[in-house]
Amino acid sequence: MFSRHHPPTRPHTRATPVAVLGTVIALMAVLSGCSPEEASAGAPPSVAKPLAHASSERTPDSASLHPPGERPGRLPDEPPGPAHGASGVADGQLPDGVEPFDDTYPAVTRLDPALLSALREAARAAERDDVTLYVNSGWRSSTYQQQLLDEADTTYGTSHDAARWVASVDASPHVSGEAVDVGDADATTWLSEHGAGYGLCQVYANEPWHYELRPHASARGCPAMYADPSRDPRMQQ
């Protein structure tokens, strides 16, 4: 007969109640997100805190705040163009990229004819120097000008400070079509050097984009600039 060999028997071990309890506590800790000590104490599951993210809010640079409409959006460190309120294209608002030759917009076509002619002549000369002149603001309706003045009053808090940037409806050369705001920075630099030859003069020291026609400038040069519009005698009327 053949003998039958049985494998040696292994000792049977039984988990102690303490070991079982420890395993349960560890499992609860993993599932609940708390520590084993918290789980054993019956603490409620921890609430995961979101990761801290850097704030996306930016503090506006007070030095770059200027009333809407009185500065071209293309100048360095300047806010975007005028806010779009009740007025629109028919009142003189313009999108970016409008050139003096664009007859689509009243802000261009309703400029004083002599000013527009001088501006176009200067624009052609600037193109030969690889500089493009843009019209960021030209003629404005009384409604649009008043809107800009109201916004300036809100921005600066006093009518005195607002007057340094936005003229009243009755005094504004934009309403009469006798002023143009030019961009971008290359264009204003070019005009500061060559504009007098076309009768185009910067009028206010704080507004390098604001140009008006001074017909005798080609022979006599541009007159001295006012510090800002509030110093202009025309604005006192």
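Just so it is clear, the structure is predicted and the values come from calculations on it, not from any experiment.

Quick notes on the rules
- Residues numbered from 1 in each chain as written.
- Predicted model: local features only at pLDDT ≥ 70, side-chain atom pairs only at ≥ 80, totals over all residues.
- Heavy atoms only, no water.
- Disulfide = S-S within 2.5 Å.
- Helix = DSSP H or I, 4+ residues; strand = E, 2+ residues; numbered from the N terminus.
- Phe/Tyr/Trp six-rings, centres within 6.5 Å; stacked < 30°, edge-to-face > 60°.
- Lys NZ or Arg CZ within 6 Å of the ring centre and 35° of its normal.
- Expected span 1.5 Å × (residues − 1).
- Buried < 20%, exposed > 50% of the residue type's maximum accessible area, 1.4 Å probe, protein only.
- Contact = heavy atoms within 4.5 Å.
- Pairing = 2+ DSSP bridges.

### A look at the state of the cysteines
(1) Moving on: On inspection of all chains with the given rule, the structure shows 1 disulfide.
(2) Moving on: Each sulfur of the disulfide joining Cys-201 and Cys-222 lies 2.1 Å from the other. Looking along the S-S bond of the Cys-201-Cys-222 disulfide, the torsion reads about -85°, which is the left-handed sense. Placement of the pair is Cys-201 in strand E3 (residues 200–202) and Cys-222 in the segment after helix H8 (217–220), with a sequence separation of 21 residues.

### Brief notes about the packing of aromatic side chains
(1) Moving on: Per the stated rule, a full pass over the model turns up 2 aromatic pairs.
(2) Moving on: The ring of Trp-139 is capped by Arg-110, whose NZ or CZ atom sits 4.2 Å from the centre of that ring.

### Points about helix H5 (residues 142–156)
(1) Moving on: Spanning 15 residues, H5 covers 21 Å between terminal C-alpha atoms, matching the ideal 21 Å at 1.5 Å per step.
(2) Moving on: Tyr-144, Gln-145, Gln-147, Leu-148, Leu-149 and Ala-152 are the residues of H5 that are buried.
(3) Moving on: For H5, the secondary structure elements touched by its buried residues are helix H6 (159–162).
(4) Moving on: Directly after H5, the chain includes Gly-157, whose backbone phi takes a positive value near 85°.

### A closer look at the pairing of strand E2 (residues 179–183)
On a regular strand, one side chain projects to one face of the sheet and the next to the other, so that they alternate.
(1) Moving on: The buried count for E2 comes to 5 of 5 residues, which makes it a mostly enclosed element.
(2) Moving on: Where burial is concerned, the two faces of E2 agree: the one with Ala-179, Asp-181 and Gly-183 and the one with Val-180 and Val-182 are both buried.
(3) Moving on: Where strand E1 (residues 134–137) and E2 come together, 3 bridges link them in antiparallel fashion. Bridge assignment links Val-135 to a residue of E2, and that residue is Val-182.

### Quick word on unusual backbone geometry
(1) Moving on: Following Gly-183, the chain continues into Asp-184 via a peptide bond in cis, with omega recorded as 0°.
(2) Moving on: As for its position among the elements, Asp-184 is in the loop between E2 and helix H7 (185–194).
(3) Moving on: At Asp-130, a residue that is not glycine, the phi angle is positive and equals roughly 65°.

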